[in-house]
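Inside the fold
So you can see what is in the structure, the chains are spelled out below.
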Amino acid sequence: MAGAGGFVEADNAEAIIARIETKSSKIESLLKQYKPVEALKTALEGSPPKTLDERCKSANWIVVHRALMAIKDIEGMLNALDVEYYDILMKYLYRGLSTGDRPTCDQCLKIHEKLTERAGLGCILRCLTDTINTV
């Protein structure tokens, strides 16, 4: 059942979590094959989940976080990533910074710097002003 603004009602949250778990398995497989950029692309697909349910958002963040932390070559990742993913990646970087976890913040800041160079300040503004599609 779709709610106002295209968001999914809480009764469908279990279905969203099931899709996220499937995505998580695929990401783990890609990471084991040393394909962190493909894992990140997979993690960002369909993000953020169209729901206000925090369980779904948290489950999706865990998947994205796992892929983000595996990235070593930031320039290579940005070269391989389609520009359509830049804004959503920026949102997840801010989510990562909000955790206060030192390794996560360090990685997010490194990616943030390179992403801002590539995508410009507009990416930051779009991320911060979009209050509907929150991660």
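Now for a quick tour of the structure. (Residues numbered from 1 in each chain as written. Predicted model: local features only at pLDDT ≥ 70, side-chain atom pairs only at ≥ 80, totals over all residues. Heavy atoms only, no water.)

A separate point is the overall build of the protein. A tally of helices and strands in the protein yields seven helices and zero strands. Along the protein, helices and strands appear, N-terminal first, in the series α-α-α-α-α-α-α. Taken over C-alpha atoms, the radius of gyration comes to 15 Å for the protein, in line with the 14 Å a tight globule of 135 residues would show. Seen through its principal axes, the protein has C-alpha atoms that stretch 40 × 35 × 30 Å. Residues classed as buried in the protein amount to 42% of the 135 residues present. Carbon and sulfur atoms make up 57% of the accessible area of the protein, which amounts to about 7300 Å² in all. In the protein, which carries 18 positive and 19 negative side-chain charges, the distance between the mean positions of the two groups comes to 3 Å. (Helix = DSSP H or I, 4+ residues; strand = E, 2+ residues; numbered from the N terminus. Rg over C-alpha atoms; globule rule 2.2 N^0.38 Å. Buried < 20%, exposed > 50% of the residue type's maximum accessible area, 1.4 Å probe, protein only. Areas by Shrake-Rupley, 256 points an atom, 1.4 Å probe, with all protein chains shown as cover. Lys, Arg positive; Asp, Glu negative; His and termini not counted. Charge placed at Lys NZ, Arg CZ, Asp CG, Glu CD.)

Looking now at the packing of helix H5 (residues 86-99) against helix H6 (residues 102-119). Their axes nearest at 9 Å, the elements H5 and H6 cross at an angle of 150°. Relative to H6, H5 is oriented roughly antiparallel. Note on packing geometry: the crossing formed by H5 with H6 is left-handed. Across from Tyr86, Leu89, Met90, Leu93, Tyr94, Gly96, Leu97 and Thr99 in H5, the residues of H6 making contact are Thr104, Cys105, Cys108, Leu109, Ile111, His112, Leu115, Thr116, Arg118 and Ala119. A per-class count over the contact of H5 with H6 returns 12 nonpolar, five polar and one charged. (Axes fitted to C-alpha atoms, helices over the stretch in contact; angles between N-to-C directions. Parallel < 35°, antiparallel > 145°, perpendicular 65-115°, else oblique. Left-handed = near helix turned anticlockwise from the far one by under 90°. Contact = heavy atoms within 4.5 Å. Nonpolar A, V, L, I, M, F, W, Y, C, P; charged D, E, K, R; others polar.)

Next up on the list: the nonpolar core. Counting 38 residues, the largest nonpolar core has Leu40, Leu44, Leu68, Met77, Leu89 and Leu93 as its most contacted members. Apart from residues no more than four positions distant in its own chain, Leu68 is found in contact with Leu40, Trp61, Leu89, Leu93, Gln107 and Ile111. (Core = buried A, V, L, I, M, F, W, Y, C linked by side-chain atoms within 4.5 Å.)

Next up on the list: the packing of aromatic side chains. For any pair of aromatic rings, geometry is given as the distance between the ring centres together with the angle between the planes. Counted under the stated rule, the structure contains one aromatic pair. Taken together, a centroid distance of 6.2 Å and an interplanar angle of 10° make the contact between Trp61 and Tyr92 stacked. With Trp61 in helix H3 (residues 54-70) and Tyr92 in helix H5, this pair connects stretches of sequence that are 31 residues apart. For Trp61, a relative accessible area of 9% translates into the label buried. (Phe/Tyr/Trp six-rings, centres within 6.5 Å; stacked < 30°, edge-to-face > 60°.)

Structurally, Cys56 can be placed in helix H3. Considered as a pair, Cys56 and Ala13 are 43 residues apart in the sequence and their alpha carbons are 6.6 Å apart. Setting aside residues up to four positions removed in sequence, Cys56 forms contacts with Ala13, Ile16, Ile17, Ile20, Pro49 and Thr51.

Here the focus is unusual backbone geometry. Positioned with a positive phi, Tyr34 is a non-glycine residue whose angle comes to about 60°. Position of Tyr34 relative to the elements: it lies in the loop between helix H1 (13-32) and helix H2 (36-44). You can call Tyr34 exposed: its relative accessible area is 74%.

Counting across every chain of the model gives nine salt bridges. Here Lys41 makes a salt bridge to Glu38, at a shortest N to O gap of 3.7 Å. Taken together, the positions of Lys41 and Glu38, both in helix H2 and three residues apart, correspond to about one turn of that helix. Arg55 is the salt-bridge partner of Asp53, the closest N and O atoms lying 2.9 Å from each other. Of the residues examined, Asp53 reaches a relative accessible area of 12% and is grouped as buried. Exposure remark for Arg55: the relative accessible area of 44% places this residue in the partly exposed category. (Salt bridge = Lys/Arg side-chain N within 4 Å of Asp/Glu carboxyl O.)

Fair warning: the whole summary comes from geometry, so function is off the table for now.
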